[in-house]
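Chain by chain, the residues:
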Amino acid sequence: MLRLRNIWKSYGAREALRGISLEAEGGRISCIIGPNGSGKTTILRIADLLEAPDVGEIAFDGDDVLSLGPEGRIDYRRRMAMVFQQPALYDLTVYDNVAMGLRIRGMDKGVAAKRIEEALKAVNLYDLRATRAQTLSGGEVQRLCLAGAMAVEPECLLLDEPTANLDPANVIIVEEIIREYASDKKGIVVFTTHNMFEAKRIADRVLLLIEGRAIEEGDAVEVLNNPKEDMTARFLKGEMVFG
Amino acid sequence: MDLTDIFGQSLLNEVISITALSFRVTGLAVALAALLAIPLGSLLGLFDFRGKRALVTLINTLMGLPPVVVGLMLYLVLSRSGALGPLDLLYTPTAMVMAQFIMAIPIIMGLSYSAVSAVPQRLVERTVSLGATRNQLVIVIIREARVGILASIVAAFGGAISEVGAIMLVGGNIRYFTRALTTAIVLYTNMGEFGMAIALGLILLSTSFMINLFLTYLQMKGQGTRGPKLPRGID
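Let me sum up the structure you'll find in this document. (Residues numbered from 1 in each chain as written. Chains lettered and ligands numbered in written order. Predicted model: local features only at pLDDT ≥ 70, side-chain atom pairs only at ≥ 80, totals over all residues.)

## A short note on the overall build of chain A
Under the convention used in this document: Strands here are runs of E lasting at least two residues and helices are runs of H or I lasting at least four, both read from the DSSP assignment and numbered beginning at the N terminus. Our radius of gyration looks at C-alpha atoms and nothing else; its globule reference is 2.2 Å times the residue count to the power 0.38. Our exposure labels follow a C-beta count within 10 Å of each residue's own C-beta, placed from the backbone: buried means 20 or more other C-beta atoms, exposed means 12 or fewer, and partly exposed covers the counts in between. Contact between two residues is assigned when their C-beta atoms, built from the backbone, lie within 7 Å.
From N to C terminus, chain A includes 9 helices and 10 strands. Whereas a compact globule of 243 residues would reach a radius of gyration of roughly 18 Å, chain A reaches 18 Å, a difference of no more than 12%. C-alpha atoms of chain A, sized along the principal axes, occupy 50 × 45 × 35 Å. For chain A, the proportion of its 243 residues judged to be buried stands at 45%. Partitioning the intrachain contacts of chain A with sequence separation of at least 6 by distance along the chain shows that 67% fall at a separation of at least 24.

Given below as structure tokens:
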């Protein structure tokens, strides 16, 4: 289980996160929804130790993550995989981009090749494996990054708006992969979106963030169909809401 | 008709000696400079420290170092009364290598620094997120910057092979010993032997073209042409 408690983060005078807590367990899809600038990406970056919170606790399977030393942090990151909203690609082929995470983990080449093949086939990029990654379209890049994350078979998948650049057909593919990962492999999934319809389709739990503040958290069906908070209801109606 | 008909056997031997010396001296100087300057330039790009801006400014300034000034300074150091005078290196190919080494260092270091600095922060974060150790991260960043780093070697080689002032001062342009293509061109031009000077100029151009062609091939291997592309069909 990934547990974030009372996370605060500021950038200068701007408070990006104000006491956010989140619990994500294996086999379930936790979704952070909220408008642009609500702090969704920041919380994933903190969970992946790319940024340190000003205040707060992170626990993974009961272990305190923030007190880990450099080697412990590397081991922790190797149990996770993050797909960024604005993906960065290595100046390598599609295959080598997916292979990077496995090479960093020092995985045996034969095992790695099998995993890469499976991951590329799952996102319909296997035929482009020898292509330079820089020549891919936005949607293909997004799928490539998901393949790279899936290939390392992480215990926890952090997905920052993973379907933002995709057409409907590809959204279905990606959502199916995320669902299978959670249900078959019992992996922890935390993903962010500003698309409440997507959240309704695949989330088990939902946390609504607005301007760095947690507005409502709970079972996805409950929160999205019968919100308790007025601000949640307004957000779901598509109104501009401010914390 | 072969080269012996054009130059005559003895002249041909001299041309071969001059050409071989030029490439030996420049090749060695640039290789040694690359061994030192690529890691230093990369470290400069990878880490922030106090005085970094001043150091980068200094390197950028030294990239335009006038060869004749380098030659003069090295001459003073290597001359009998200089710090390295007892080594008796003045007017030797070693002195020429030293001069070109000094000139190649800031070029390779400055361009390697730029190449490493240009690696996107997002790529660095993705690599960290994948669980890379510090050493793995450094390797990934340098590999991403490889095109720019190779370009630094191309630039340093081009600058060094065509340089004349420094190697003339510390090499002395001694026949069959320290006479390089550029210093020989100067000599033959001064003697009014323009045919020979032009022939050596053509050798310099064509051989350095071949070497640069090879380095450019390495630089662009498997990557197609890089850089921004103008949209087609727009005047």
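Next comes the rest of the account.
## Things to note about the nonpolar core
As a reminder of what qualifies: In this usage, the nonpolar core is the set of buried Ala, Val, Leu, Ile, Met, Phe, Trp, Tyr and Cys residues whose C-beta atoms join them within 7 Å.
Counting 132 residues, the largest nonpolar core has Ala147(A), Ala104(B) and Ile108(B) as the members making the most contacts within it. Among residues more than four places away in sequence, those in contact with Ala104(B) are Ala29(B), Val30(B), Ala33(B), Ala156(B) and Ala160(B).

## So, the packing of helix H4 (residues 109-122) of chain A against helix H5 (residues 138-151) of chain A
Residues and elements named next belong to chain A. Rules: Each axis is a line fitted through C-alpha atoms, taken for helices only over the stretch in contact, and angles between the N-to-C directions span 0 to 180 degrees. Crossing handedness follows the turn of the near helix against the far one: under a right angle anticlockwise gives a left-handed crossing, and clockwise gives a right-handed one. Throughout this entry, Asp, Glu, Lys and Arg are counted as charged residues, while Ala, Val, Leu, Ile, Met, Phe, Trp, Tyr, Cys and Pro are counted as nonpolar. The remaining residues, Gly among them, count as polar.
Where H4 meets H5, the closest approach of the two axes is 9 Å, and the angle between their N-to-C directions is 140 degrees. In this structure, H4 meets H5 at a crossing whose hand is right-handed. Contact with H4, carried on its side by Arg115, Ile116, Ala119, Leu120 and Ala122, involves Ala147, Met150 and Ala151 of H5 and no other residues of that element. Partitioning the contact of H4 with H5 into residue classes produces 7 nonpolar, no polar and 1 charged.

## Side note on the sheet that holds strand S6 (residues 80-83) of chain A
Residues and elements named next belong to chain A. Rules: Think of it this way: DSSP has to see at least two bridges between two strands before they count as a pair.
Spatial strand order, S6-S7-S8-S3-S9-S10: 6 strands in an open sheet with mixed pairing. Where the open sheet ends on each side, the last strands, each with one partner, are S6 and strand S10 (213-219). Averaged over all pairs of adjacent strands, the angle between their axes in this sheet comes to 15 degrees, without regard to strand direction. In this sheet, S10 lies alongside strand S9 (residues 205-210) in antiparallel orientation, the contact comprising 6 bridges. The residue bridging Val206 from the neighbouring strand is Gly218, located in S10.

## Digging into the environment of Met109(B)
Residue and element names in this part refer to chain B. Within the fold, Met109 resides in helix H5 (residues 93-117). Measuring from C-alpha to C-alpha, the distance between Met109 and Leu11 comes to 39 Å, with 98 residues separating the pair along the chain. Apart from residues no more than four positions distant in its own chain, Met109 is found in contact with Ala37, Leu40, Gly41 and Ile59.

## Some words on the sheet that holds strand S1 (residues 2-11) of chain A
Residues and elements named next belong to chain A. Taking strand neighbours across the sheet as the criterion, the 4 strands line up as S2-S1-S4-S5 in an open arrangement whose pairing is antiparallel. Every interior strand has two partners, whereas the edge strands, strand S2 (14-24) and strand S5 (63-64), have only one. With 2 bridges joining them, strand S4 (residues 55-60) and S5 adopt antiparallel strand pairing. Pairing of Phe60 across the sheet is with Asp63, part of S5. Contacting S1, S2 and S4, helix H1 (residues 40-47) crosses the sheet at an angle of about 120 degrees to S1.

## Regarding the pairing of strand S7 (residues 156-160) of chain A
Residue and element names in this part refer to chain A. With 5 of its 5 residues buried, S7 lies for the most part within the structure. Where S6 and S7 come together, 4 bridges link them in parallel fashion. Following the sheet pairing, Val83 is matched in S7 by Leu159.

## Some remarks on the interface of chain B and chain A
With 14 residues of chain B in contact, the opposing surface of chain A contributes 16 residues. Looking at the side of chain B that touches chain A, the elements that each hand over two or more residues are helix H6 (121-129) and helix H7 (134-144) of chain B. Broken down by element, the side of chain B that touches chain A gets its largest block of residues, 6 residues, from H6(B). For the side of chain B that touches chain A, the per-class residue count stands at 5 nonpolar, 5 polar and 4 charged.

## What to know about unusual backbone geometry
For Glu153(A), which is not glycine, the phi dihedral falls at a positive 45 degrees. Position of Glu153(A) relative to the elements: it lies in the loop between H5 and S7. Judged by C-beta crowding, with 17 C-beta atoms within 10 Å, Glu153(A) ranks as partly exposed. The backbone phi angle of Tyr176(B) is positive, close to 60 degrees, even though this residue is not glycine.

## Here we look at helix H3 (residues 94-104) of chain A
Most of H3(A) sits out of view: 9 of its 11 residues are buried. Two residues or fewer after H3(A) comes Gly106(A), characterised by a positive phi angle close to 70 degrees.

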